[in-house]
Structure formats: structure tokens, C-alpha cells
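Chain and residue survey
One letter stands for each residue in the lines below.
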Amino acid sequence: MHNQARASITAVGHFLPDQRLTNDDLSRMVDTNDEWIRTRTGIHERRILWDKDKATSYMAIRAGAEALQKRGLTPEDIDVIIVATVTPDMSFPATACLVQAGLGASRAWGFDLSAACSGFLFAINTGANLIESGRYRRVLVIGADKMSSITDYTNRNTCVLFGDAAGAVLMEANVNGCGLIDSVLHCDGRNWESLCMLGGGSLNPPTHDTVDRKMHYIHQDGQSVFKVAVKGMADVAAEVMQRNGLTGSDVRFLVPHQANQRIIGAVARHMGLGMDRVMLNIGRYGNTTAATIPLCLYDWEHELREGDNIVIAAFGGGFTWGASYIRWAYDGAERVCIDRDTEMAVAS
Ligand code: UT7
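Around the ligand sit 24 residues, and of these Thr32, Arg40, Gln223, Asn260 and Asn287 come closest. Interatomic distance of 3.0 Å between a side-chain N/O atom of Arg262 and an oxygen atom of the ligand. Contact with the protein chains removes 75% of the 960 Å² of surface that the ligand exposes when unbound. Those elements that provide at least two residues to the shell around the ligand are α2 (34-41), α6 (156-159), α8 (222-243) and α9 (261-271).

Before going further, it helps to spend a moment on the pairing of strand β1 (residues 6-15). Counting buried residues in β1 gives ten out of ten residues, a clear majority hidden from the surface. Pairing analysis gives nine bridges linking β1 to strand β7 (residues 164-174), with the strands arranged antiparallel. Across the sheet, the residue bridging to His14 is Gly167, located in β7.

A few words now on helix α11 (residues 292-300). A large share of α11 lies buried, amounting to nine of its nine residues. Restricting attention to buried positions, one finds in α11 the residues Thr292, Ile293, Pro294, Leu295, Cys296, Leu297, Tyr298, Asp299 and Trp300.

Before going further, it helps to examine the sheet that holds strand β4 (residues 80-84). Taken in spatial order, the five strands make up an open sheet running β1-β7-β6-β4-β5, and their pairing is mixed. The sheet is open, and its two edges are formed by β1 and β5 (109-113), each paired on a single side. Pairwise comparison of adjacent strand axes, ignoring direction, gives a mean angle of 20 degrees for this sheet. Taken together, the five bridges between β4 and β5 define a ladder with parallel strand orientation. When the bridges of β5 are listed, Val80 appears paired with Trp109. With respect to the sheet, α11 is in contact with β1 and β7, its orientation differing from that of β1 by roughly 85 degrees.

Generally speaking, soluble globular proteins have nonpolar side chains that are buried together. Grouped together as the largest cluster of nonpolar side chains are 43 residues, with contacts concentrated most on Leu254, Val267, Met271, Val311 and Phe315. Among the elements of the structure, β8 (179-187), α8, α9, β12 (309-316) and β13 (320-327) are those that each provide at least two residues to this core. If one sorts the elements of this core by residue count, α8 sits on top with eight residues. Those residues in contact with Phe315 that lie beyond four places of it in its chain are Cys117, Ser118, Val225, Val228, Ala229, Gly232, Met233, His257, Thr320 and Trp321. Grouped together as the second largest cluster of nonpolar side chains are 40 residues, Leu113, Ala123, Phe253 and Ala329 included.

Criteria and thresholds
- Residues numbered from 1 in each chain as written.
- Predicted model: local features only at pLDDT ≥ 70, side-chain atom pairs only at ≥ 80, totals over all residues.
- Heavy atoms only, no water.
- Near = heavy atom within 4 Å.
- Polar contact = N/O pair within 3.5 Å; in protein donor to acceptor, adjacent residues only side chain to side chain.
- Areas by Shrake-Rupley, 256 points an atom, 1.4 Å probe, with all protein chains shown as cover.
- Helix = DSSP H or I, 4+ residues; strand = E, 2+ residues; numbered from the N terminus.
- Buried < 20%, exposed > 50% of the residue type's maximum accessible area, 1.4 Å probe, protein only.
- Pairing = 2+ DSSP bridges.
- Axes fitted to C-alpha atoms, helices over the stretch in contact; angles between N-to-C directions.
- Contact = heavy atoms within 4.5 Å.
- Core = buried A, V, L, I, M, F, W, Y, C linked by side-chain atoms within 4.5 Å.

Now the structure itself:
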């Protein structure tokens, strides 16, 4: 008997820009090559929103609209909008406000959530608590980042890694035992400088000097982040499994943040999962920060069945990291979108 209302994901939407940036394209821009990028990261290509007049909200609105359409709802049905992003259209107003207006979600309030690559994970936990409070029925959670807007395309250490995209999920109450069951979430700011954008905030407001010093671009000390990311993600995934009595064979899919295929492989091994039970699409999209996890859910939605156990795990700047155990709430095949199949066929 399940009578505790939990917050479940009831639809998934996405947006990917049409323009592709391949490893060969990048090898003409900086001193890199396809072999290095594939073997070190698993990335083959990424999508870039080159249009100067389109920003994160543009992608977020499209992803949100698709989630609503798949669920058969209208924007007026939404109570709250949470946008996880590190590339808001501007410092303020919040991108969530622009998404609210763009969708025409006339009843909704909302806000942005800044937790870098863990943003979507933190946002679904926040959304779940709003629903479990009983005060809100439908929360639209969007992970969206235009990483190209903070990427230095003359720096080979970072420019090969990132892409632009948005993913969205609708969260609603579920009384059948499905939904977000448990989470382990962390942040630790002691090593914030390993992964950050130094310029543009109140510490280093934009000046000619900050621009000259390239402080408005993402900075990452890749090796040190790599080590803590593997341990951090593996530990929280194991902890959430252990305290919910799950073994590897109980988990239908691991849904990891897509920063590096080698990190994902190490986390899966630690959990006792074969790669057939790991959502992996970094090859096609690169690291899209807050969008990676909803993009995975979108790509694998057709394989998910009601009652499937999934574990979402993320690690990112801050540092922020965590894992959530979700019992999936619907048969995804019923919501398959032709668009996705076409995209996957074209990319493979
Ligand atoms: O999403 C948020 C969290 N972020 C992460 O989880 C990212 C974690 N870090 C990583 O994924 C990896 O550290 C990277 C993919 C960023 C880098 O891979 P790595 O195996 O750690 O490479 P490295 O930084 O140790 O560099 C190894 C070599 C260096 O050359 P030397 O000093 O050995 O001569 C780099 O200069 O590879 C060189 N290198 C490149 N070579 C060709 C760095 N970038 C490139 C490149 N193409 N694009």
C-alpha cells in the first residue's frame, strides 16, 4: 500500500540547436585532434547555438513547451518554474522569468538555481519538495546552458568539452509509490577555483581588464576535477543504493552527468552495472552542464517503464554533487516522439 505522495517525473522535453561542431572542426581551430578528444572524453560532436540573439531562455522555453505538449497540458497548468543554469540570459532578471513569459505560464512563479553540473539534480530535489509540501501541483524543472557563451574557443583544454542544450521535466504528485524516493546531496566550496568563471560577478565586475584576462570564460583544472568527480559520484551513488537496499541488478539505469565517458565508466563499475544499463550520450552532445541529465532521460524515455529504478548522479563546479534514487512513473514508449528517433538515426 502506497499512500505517501511523492513527486514524479511525468514528461520529458528537450531542445538541441541544429548546428554541429565536430572534433574535426575543432582541430582546425586549436591544436587538438579527433583521436585525443574521443579517447580522453568520449565526445564526437556537440551542438552550438551560434545565433547571437538567442540565449539560454530560447532553448529552455522550447524544452519546456515540448514537455507540456507531451503531457497534454497547457502553460497555465504550471505552478512553478525552476531553471537550473550557469549561463542565464543575464544576471537578472532570472531566466525563469523569461521562460515564464515565453511560455505564457500566467499562473507560475519561478527562480533560477545555480549549481553548475549538479543544477538539474538539485532542481528536481527542490521541485519535489515543493510538490510534497502539498502546495503546488505541477513544477516545470529545466536544465539549460548555452556553454558556448562562456567557452574560449582558443583554449583546447576547455573548448572541446562543452555544448549547448536544454532539457525539461514536468514533476507531479504520484500516489502509486513512484517518484523521487531518496537523495544524497552535497556542496563543498573549499576548492571552488578548480572549476569556475571568475569574471562578471560582484567580485570581478566586467572591465576592459577582466575581458583582456579572459575572466569571462570557463576555467577548469581538469585533472583535479576528474579525480574528485569519480570518487564523489561513485560514493553518493553507492550510498543512495545501500540505504535503499538496492544492488546493481535492481537498477534499470544509471543516469550520470555527462562530463567524461571515463568518469561515467568508473562510476558504473563501482555500482556493479554493465554499460548497457548506463545512459550515455556524451558522444553526440558533449558536456551541456545542467542539460545533460534531462537529455539522457529524453533519449532513453522510450525504454523506461513504470516502476523502473533509476539512479541519477552528478558532479560539478562548486563543488556540488549528489545522487537521487527515482522509481520511474510511466511507460515512456507511449510518449515517444518521432523527432528523437530521427535525431538519433542521423547522429549514429
Ligand atoms: O562537468 C563538470 C565536472 N567536470 C569534469 O568532470 C571534467 C573532469 N576532467 C576531465 O574530464 C579531464 O581532466 C579532461 C577531459 C578535461 C582532460 O583530460 P586529461 O586526461 O585529464 O588530460 P590533461 O588535462 O591531464 O592533459 C593531458 C595532456 C596535456 O599535455 P601534456 O602536458 O601532457 O603535454 C594537455 O596539454 O593533453 C593535453 N591536452 C590536449 N591535447 C589535445 C589538453 N587538452 C587537449 C586537447 N587536445 N583538446
